[in-house]
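Descriptive structure summary
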Amino acid sequence: MSAAKMSSNREELIQGLNHALNREVSTFLRYMISAAKIKGIVNAPVRDMYAAEVKDEIGHATYLADKIVMLGGNPVLNPDLTPPADDVLEMLKYDIAQEKIDVEGYMKLAEMADREGLAELKLRMEDQAADEASHAEMMTRLLG
Ligand SMILES: [Fe+2]
Ligand SMILES: [Fe+2]
């Protein structure tokens, strides 16, 4: 289907999914580098958390890329390559805020999917919102 023939709601949904895809790719790249940068026994649980979350975010990104194509769109990558902070507490504070933005983004995408009658996508967006909320909570616990 050409973009010209697509409804504006569908186009807006695909744009939103592509925005989320870029946020996920930016996140897993940042978390990979965060895990790599963290040293020392005291911060080992934070390093393990970032390493585990890389896999979650890759799963989210993969789902989004597949779904964009199945909806007739084209995934376009333009990730934010800003490196993580050197300080572990600054890393956590920044990422807690980003995870909360992602929760809101996925709840909005769930509503858009619902309006389009896309039940599986709606549920999956809610699921990804729940994953990000859980990430924010784990990070908040580690922040102390
Ligand atoms: Fe994610
Ligand atoms: Fe996350």
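Residues numbered from 1 in each chain as written. Chains lettered and ligands numbered in written order. Predicted model: local features only at pLDDT ≥ 70, side-chain atom pairs only at ≥ 80, totals over all residues. Heavy atoms only, no water.

Okay, the overall build of the protein next. Assigned secondary structure in the protein consists of 4 helices and 0 strands. Its helices and strands in sequence order give the protein the pattern α-α-α-α, from N to C terminus. A compact globule built from 144 residues would reach a C-alpha radius of gyration of about 15 Å, and the protein, at 16 Å, matches this within 12%. Viewed in the frame of its principal axes, the protein has a C-alpha envelope of about 55 × 25 × 20 Å. Put simply, the protein has 144 residues, and 39% of those count as buried. Within the protein, residue pairs in contact and separated by at least 24 positions form 82% of the contacts whose partners lie at least 6 positions apart. Accessible surface for the protein amounts to roughly 8,100 Å². Of this, 58% is attributable to carbon and sulfur atoms. Taken as two groups, the 16 positive and 25 negative side-chain charges of the protein have centres that lie 2 Å from each other. (Helix = DSSP H or I, 4+ residues; strand = E, 2+ residues; numbered from the N terminus. Rg over C-alpha atoms; globule rule 2.2 N^0.38 Å. Buried < 20%, exposed > 50% of the residue type's maximum accessible area, 1.4 Å probe, protein only. Contact = heavy atoms within 4.5 Å. Areas by Shrake-Rupley, 256 points an atom, 1.4 Å probe, with all protein chains shown as cover. Lys, Arg positive; Asp, Glu negative; His and termini not counted. Charge placed at Lys NZ, Arg CZ, Asp CG, Glu CD.)

In this section: the coordination of the iron ion (ligand 2). Summarising the metal site, the iron ion (ligand 2) is bound by the protein donors Glu57 (OE), Glu99 (OE), Glu99 (OE), Glu132 (OE) and His135 (ND1), whose distances to it range over 2.0 to 2.3 Å. Coordination of the iron ion (ligand 2) draws on donor residues from a single chain, spaced E-x41-E-x32-E-x2-H in sequence. Between the iron ion (ligand 2) and the iron ion (ligand 1) the interatomic distance comes to 3.9 Å, and Glu57 is a ligand of both metals. Placement of Glu57 in helix α2 (residues 44–70) and of Glu99 in helix α3 (residues 88–115) is noted, with a sequence separation of 42 residues between them. For the pair shown, Glu57 and Glu99 are each scored as buried. (Donors = N, O, S within 2.8 Å, 3.2 Å for Na, K, Ca; no water.)

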